[in-house]
Every structure is written in structure tokens, then in C-alpha cells.
Amino acid sequence: MVYQPGSNNPFAIPSKHGEMPTFVVRASKPQLPPVDLILENAHVVSLPMRTRFRGITVREAMIFRGLKGWGEFAPFVEYDDVEAANWLAAGIEAAWQGPPPAVRDAVPVNATVPAVPADEVAEIVARFPGATTAKVKVAEAGQSLHDDVERVAAVRELVPRVRIDANGAWDVPTAIEAIEAIGDVEYVEQPCATIPELAAVRRVVNVPIAADESIRRADDPLLVVRADAADIAVLKVAPLGGMRKVLALNASLRMDVVISSALDTAVGMAASVSTAAALPVLEHACGLGTGALFERDVAPSFVPRGGVVGPRLVTPDDELPLASPERAAWWEARLRRCHAILMAR
Ligand SMILES: O=C(O)CCC(=O)c1ccccc1C(=O)O
Ligand SMILES: [Mg+2]
């Protein structure tokens with residue numbers, strides 16, 4: 001939009017003669033750093049996981065240094081550019097604006113238990129010392145409800161509070177049956193894929209429903225509220241476009257929130273943890289212990305101690321596990337396309 005002299009332009013600095021300059025400004029968006037400046041200080045890393053999670057055994061990410069620190073660009077490889085552009089906005093915010101002010105120095109985190117066989121649960125839970133909440137993945141393709149029941153039972157023996165995450169895999173009748181079979185949980189995250197289905201399950205079962213994909217992958221994150229489809233909002237910083245976006249969303253969603261990682265590297269996790277540390281109210285453990293699932297990270301991981309992680313600045317190690325030149329070129333091209341999308345927004 002073009003502001004004319006004398007118009008009501010909040011960004012304009014009056015000249016000595018009192019007249020307002022004419023210039024183009026994208027209202028309410030901080031200026032984007034040039035794409036070549038971002039890429040000049042960027043690295044593409046390839047991080048092996050200790051346990052397969054969400055089908056991922058190697059997590060790729062681009063990290064870059066800005067004026068205020070480091071940012072991460074790591075949309076999952078199957079995401080399209082429009083969705084991935086939100087992740088870039090989040091990385092740029094972290095690197096050029098830095099974190100919002102913290103109101104707490106400890107963020108309780110859940111143990112994250114991938115869809116492993118029940119006899120592997122103890123080894124996973126042990127990576128999250130002191131966690132009193134565990135989030136258990138259920139409804140994995142190729143597994144049965146019996147597998148889920150057994151896995152959750154194994155977790156319950158070790159951790160007092162259990163939440164489950166179906167990643168939208170159940171239809172409504174299956175969700176109702178599964179929730180009944182699994183029994184008492186803190187909440188069920190994204191039992192079904194769509195908002196009407198979430199609302200339908202929520203009307204029948206008496207455990208709270210949390211929305212994740214229905215918020216972070218929706219055109220309008222507030223549709224969930226209007227449809228009365230959830231009790232809790234799971235908010236992820238990178239997919240939602242950054243720390244301040246998540247804090248603003250928290251203020252407009254009239255429900256409890258949980259901040260959760262998107263399998264962030266330590267750089268992305270710093271932004272996620274800072275967001276959780278800046279929330280005015282935090283009633284639930286957050287999904288920010290996933291650094292414990294990495295074999296190797298870009299800096300010392302946010303590994304929970306005493307069930308909590310704390311906000312801190314992260315500087316990547318000097319020696320990084322760099323991706324191949326081919327993968328680095330793929331990420332650079334992707335970042336360029338996403339930057340162009342942000343420029344046009
Ligand atoms: O919330 C957690 O405990 C860990 C984060 C997590 O589960 C996750 C990580 C990457 C992508 C999707 C999800 C998810 O919540 O569905
Ligand atoms: Mg989820």
C-alpha cells in the first residue's frame with residue numbers, strides 16, 4: 001500500500017519541514033532481510049534421530065544467523081511452499097527480532113513416546129528424566145488398537161499423566177472406540193482429521209480434545225473455536241509463523257494452550273521454549289522435550305531435567321553435521337521460493 005504525504009501513516013517520520021514523505025510500506029509486517037543475506041549465513045544440517053518419529057529417521061533443517069541470533073527453517077519436506085513460508089517467517093523473526101520477554105524460567109515438558117512396541121517404552125521414557133506427563137503417539141499406520149492399548153499401559157506404569165496423539169488418523173467411530181479402550185487420559189490430541197469430526201468426537205467422549213493440525217494447518221486457526229471442536233490448543237511456533245504470532249493467537253483463543261515442537265533442532269527449540277516461557281498462563285506440560293529424540297543436534301539439545309526445560313540463547317556448534325551439497329541446494333531453492341512468497345504477502 002502506498003502512503004501519501006499527510007496520510008495517517010504510523011511508519012512515517014516527518015521531515016524538517018513537517019511534510020510526510022511518500023513511500024511504500026507493507027503495513028504490520030517487519031521488513032524482511034534480503035534473501036541473499038539470509039543465505040550468506042546459512043547451513044543445511046542432517047540430524048540422525050535415535051528413534052523413528054513421524055516416519056522421520058533423519059531430520060533436515062536450514063539454520064541461519066541474523067542480527068539477534070539464530071533462526072531455523074525446517075518445514076517437513078512434503079509441505080508445499082505456501083505452508084513452508086510460515087516456517088521461514090518464524091526463523092527470520094528468531095534471527096532478526098529475538099525472543100519476547102520471559103515470565104518464567106522453567107517450562108514443564110512431556111515425554112514424547114513415538115509409536116514403538118510396548119517393550120521399548122521404558123528406554124524412551126528414560127530420556128525424559130523427571131517428566132510427570134507423557135504424550136504417546138497412537139493410530140500409527142500398520143498398527144492395531146491393541147498395540148496402542150499396550151503402549152499406553154506401559155507408559156502409565158512409568159509416568160502418572162498420559163496424553164495421546166492420533167495425528168488425525170481415526171474416523172469418528174474408530175476414535176470413540178479407541179478412546180474408550182485406551183481409558184483415562186489427560187487429553188486426546190487430533191483424534192480425527194477435520195474440525196467437524198473433532199466436534200463430533202468431543203460431544204460423545206468425556207476426555208478433553210486437543211487440536212493440533214486443525215490449528216497449524218488451517219487457513220483460519222480460530223475455526224476450531226467457532227466450531228466448539230476442542231478444549232485445548234496445541235500451538236507450534238514454526239508452522240504458525242513465529243513466537244509473536246503464537247502469543248497473539250494464545251490471546252485470542254479462549255482455551256488452554258500447549259506449546260509443542262515441530263521436531264525442532266536446538267535452534268528452533270530455543271524459539272519454541274521462549275514462547276512457552278513468555279505465555280502469561282501455562283497450565284499444561286509442553287511438547288518441547290523432543291531434543292531427547294535426536295542422536296545429534298546443532299547445539300546441546302534442550303533435554304529435560306527434573307521434567308523441565310528453560311529458555312536460553314543457542315549458538316550452533318562449530319562442527320555441524322552438514323547435509324550433502326544436493327540437499328543443501330534443494331533447501332536453498334526452497335528458501336528462495338518461500339522468501340518470495342513472504343515478500344508478496
Ligand atoms: O508434542 C510433543 O510431545 C512432540 C512434538 C510432536 O508430537 C510433533 C512433532 C512434529 C510434528 C508433529 C508433532 C505432533 O504433535 O503431531
Ligand atoms: Mg500433534
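The structure presented is a predicted model; accordingly, all values stated were derived computationally and were not measured.

Focus: the site of ligand 1
Phase 1: Among the 20 residues in the neighbourhood of ligand 1, the closest are listed as Thr 112, Lys 135, Asn 167, Lys 236 and Ser 260.
Phase 2: Asn 110 has a polar side-chain atom sitting 2.9 Å from an oxygen atom of ligand 1.
Phase 3: Within the side chain of Lys 135, an N or O atom sits 2.8 Å from an oxygen atom of ligand 1.
Phase 4: Protein burial of ligand 1: of its 380 Å² of free accessible surface, 99% is covered by the chains.
Phase 5: Sorting the residues of the shell around ligand 1 by element identifies strand E8 (133–137) and helix H7 (213–216) as the ones contributing at least two each.

Digging into the coordination of the magnesium ion (ligand 2)
Phase 1: Every protein donor of the magnesium ion (ligand 2) is listed here as Asp 165 (OD), Glu 189 (OE) and Asp 212 (OD), and their distances to the metal cover 2.0 to 2.2 Å.
Phase 2: Read in sequence order, the donor residues for the magnesium ion (ligand 2) give the motif D-x23-E-x22-D. Highlighted residues: Glu 189 in strand E10 (residues 188–189) and Asp 212 in the loop between strand E11 (209–211) and H7, separated in sequence by 23 residues.
Phase 3: Under the relative-accessibility criterion, Glu 189 is labelled buried at 1%.

Concerning the UniProt feature "domain: Mandelate racemase/muconate lactonizing enzyme C-terminal" (unreviewed entry) in the protein chain
Phase 1: As annotated in UniProt, the feature "domain: Mandelate racemase/muconate lactonizing enzyme C-terminal" (unreviewed entry) corresponds to residues 118–208 in the numbering used here.
Phase 2: End-to-end, the C-alpha atoms of residues 118–208 are 25 Å apart, and along that stretch the chain is 42% helix and 13% strand.

Some thoughts on empty space enclosed by the protein
Phase 1: Applying the stated criterion across every chain, the model contains two cavities of 30 Å³ or more.
Phase 2: Looking at the largest cavity, its volume works out to about 150 Å³.
Phase 3: Along its surface, the largest cavity is lined by 18 residues, and Phe 53, Lys 137, Lys 236, Ser 260 and Ser 261 are the ones closest to its centre.
Phase 4: Taken together, the residues of the lining of the largest cavity sort by class into four nonpolar, seven polar and seven charged.
Phase 5: Per-domain counts for the lining of the largest cavity show at least three residues from each of domain 2 (35–97 + 319–344) and domain 3 (107–309).
Phase 6: Taken as a whole, the second largest cavity spans an internal volume of roughly 110 Å³.
Phase 7: Lining the second largest cavity are 16 residues, and of these Glu 72, Ala 90, Ala 238, Gly 268 and Ala 271 sit closest to its centre.
Phase 8: Across the lining of the second largest cavity, the residue classes tally to nine nonpolar, four polar and three charged.

Parameters and conventions
- Residues numbered from 1 in each chain as written.
- Chains lettered and ligands numbered in written order.
- Predicted model: local features only at pLDDT ≥ 70, side-chain atom pairs only at ≥ 80, totals over all residues.
- Heavy atoms only, no water.
- Near = heavy atom within 4 Å.
- Polar contact = N/O pair within 3.5 Å; in protein donor to acceptor, adjacent residues only side chain to side chain.
- Areas by Shrake-Rupley, 256 points an atom, 1.4 Å probe, with all protein chains shown as cover.
- Helix = DSSP H or I, 4+ residues; strand = E, 2+ residues; numbered from the N terminus.
- Donors = N, O, S within 2.8 Å, 3.2 Å for Na, K, Ca; no water.
- Buried < 20%, exposed > 50% of the residue type's maximum accessible area, 1.4 Å probe, protein only.
- UniProt positions renumbered as here; feature names shortened; annotations may be inferred.
- 1 Å grid on protein atoms, 1.4 Å probe; cavity = no way out; pocket = protein on both sides within 12 Å on 5 of 7 lines; lining within 4 Å.
- Points joined across faces, edges and corners; volume = space filled by probe spheres on them.
- Nonpolar A, V, L, I, M, F, W, Y, C, P; charged D, E, K, R; others polar.
- Domains from an automatic or database assignment.

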